[in-house]
Amino acid sequence: MNHSKLSVVAQVFTIKSNHGLSEASYDKIIEWVRRILPEGNRLKENLYAAKSMMKPLNLRYQKIDMCPNFCMLYYLENVELTECMTPGHSHYKPRTGKGKTLTAYKKFGYFLITPRLQRLFMSPRTIEHITWYQSHNAVDGVMAHPSDDEAWKYLSSVHCHFLDESKNVRLGLYIDGFNPFGSFTTPYSCWPVILMVYNMPPGMCMRLKFMFLSMIIPGPSSSGRNKDICLRPLID
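Asks: Explanation requested: the overall build of the chain in the structure shown.
Replies: A count of helical and extended segments in the chain gives 10 helices and 6 strands. Taken over C-alpha atoms, the radius of gyration comes to 22 Å for the chain, far larger than the 18 Å a tight globule of 236 residues would show. Counting all 236 residues of the chain, 31% fall into the buried class. Counting only contacts in the chain whose residues sit at least 6 apart along the sequence, the fraction spanning at least 24 positions is 54%.

Next up, the structure:
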């Protein structure tokens, strides 16, 4: 089976992440694989070179500090605060020695959605489907797509200016908690936030490749009703 340089790098990155390999372990494995591959292979020689290859894809993310009690984010105007504004929980863990870097009690990763949406418009395979929701023929009484629903039509009537450009992106947001350790005896609750592009036909918008993981709200406890606080970077 043929593989591109990008597909190979993506696969080995996945293996590194799933098994918690260090950079040194990654480089040693790649060094060995390059020796057994035919001479002249184009496998990237180390992690630094692989990251350099992936950088133009703009798969950026932000690490954002937050209160362990899900009260607030240390974000934008609050980034310099040293304790939470609600119960007064400290932003940083106590230092264990001189010169030690300040470490937040809790943080999460936000995967920037804008660059990934831009790539939909860059690809000739997807751009033609961005306006499908507006051109498909709806059947009365049959809901084949979210655009057939009354809620969609109501939002369109309220935000009429949004209809002026048919390529404006309409997103569906899905969030649910699960135990990443696969055992209910371990009290841990992790909450992924996934976005779906509803502009596309049903057979595309529900495919895995068009579902974007935008953030993971970490545990171990559930965020409860404060999930909207974690969603602020995405809304911004």
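And the narrative resumes.
Asks: It is not clear to me how the side chain of Asn78 should be interpreted in this structure. Could you clarify?
Replies: With respect to the element layout, Asn78 can be found in the loop between strand 2 (73-74) and strand 3 (106-111). Asn78 gets classed as buried once you look at its relative accessible area, which sits at 14%. The residues contacting Asn78, other than those within four sequence positions of it, are Met72, Leu73 and Met85.

Asks: Before we go on, may I ask you to explain the side chain of His145 in this structure?
Replies: Tracing the backbone through its elements, the reader meets His145 in the loop between helix 6 (132-135) and helix 7 (150-158). Only 3.0 Å separates the side chain of His145 from the backbone oxygen of Tyr198, close enough to count as a polar contact. Among all residues touching His145, those that are not within four sequence positions of it are Trp132, Tyr133, Trp152, Tyr198, Met200, Pro201, Pro202 and Cys205.

Asks: What exactly am I supposed to notice about a nonpolar patch on the surface here?
Replies: Together, Trp32, Ile36 and Leu37 make up an exposed nonpolar region whose accessible area comes to about 310 Å². Checked against the element boundaries, Trp32 lands in helix 2 (residues 23-36). The partly exposed category is assigned to Trp32, whose relative accessible area is 47%.

Asks: Is there a simple way to explain the packing of helix 1 (residues 5-19) against helix 2 in this structure?
Replies: To characterise two packed helices, one gives the angle between the axes of the helices and the distance between these axes. Where helix 1 meets helix 2, the closest approach of the two axes is 11 Å, and the angle between their N-to-C directions is 140 degrees. Judged by the inter-axis angle, helix 1 sits oblique to helix 2. In the crossing of helix 1 with helix 2, the sense of the turn from one axis to the other is right-handed. Side by side, helix 1 and helix 2 meet where Val12, Phe13 and Lys16 of the first sit next to Glu23, Tyr26 and Ile30 of the second. Of the residues assigned to the contact of helix 1 with helix 2, the class counts are 4 nonpolar, no polar and 2 charged.

Asks: How should the environment of Leu102 be read in this particular structure?
Replies: Within the secondary structure layout, Leu102 lies in the loop between strand 2 and strand 3. Looking at Leu102, the relative accessible area reads 39%, which means it is partly exposed. Apart from residues lying up to four places away in sequence, Leu102 is in contact with Tyr92 and Arg95.

Asks: Help me understand the environment of Ile130 in this model?
Replies: Note on placement: Ile130 falls in the loop between helix 5 (124-127) and helix 6. For Ile130, a relative accessible area of 0% corresponds to the buried category. Once the C-alpha coordinates of Ile130 and Asn168 are considered, the two residues, 38 residues apart in sequence, prove to be 8.3 Å apart. Discounting chain neighbours no more than four positions away, the residues touching Ile130 are Leu120, Phe121, Ser166, Lys167, Asn199 and Met200.

Asks: What am I meant to see in the confidence of the model for the chain here?
Replies: Low pLDDT marks stretches whose predicted atomic positions should not be read closely. Overall, the prediction assigns the chain a mean pLDDT of 82, with 95% of residues at 70 or greater. Per-element averaging of pLDDT across the chain places helix 3 (residues 47-54) at the bottom with 79 and strand 5 (residues 191-197) at the top with 90.

Thresholds applied
Residues numbered from 1 in each chain as written. Predicted model: local features only at pLDDT ≥ 70, side-chain atom pairs only at ≥ 80, totals over all residues. Heavy atoms only, no water. Helix = DSSP H or I, 4+ residues; strand = E, 2+ residues; numbered from the N terminus. Rg over C-alpha atoms; globule rule 2.2 N^0.38 Å. Buried < 20%, exposed > 50% of the residue type's maximum accessible area, 1.4 Å probe, protein only. Contact = heavy atoms within 4.5 Å. Polar contact = N/O pair within 3.5 Å; in protein donor to acceptor, adjacent residues only side chain to side chain. Patch = residues over 30% accessible without salt bridge, like charges linked within 9 Å, V, L, I, M, F, W, Y side chains within 5 Å. Areas by Shrake-Rupley, 256 points an atom, 1.4 Å probe, with all protein chains shown as cover. Salt bridge = Lys/Arg side-chain N within 4 Å of Asp/Glu carboxyl O. Axes fitted to C-alpha atoms, helices over the stretch in contact; angles between N-to-C directions. Parallel < 35°, antiparallel > 145°, perpendicular 65-115°, else oblique. Left-handed = near helix turned anticlockwise from the far one by under 90°. Nonpolar A, V, L, I, M, F, W, Y, C, P; charged D, E, K, R; others polar. pLDDT = per-residue confidence, 0-100.

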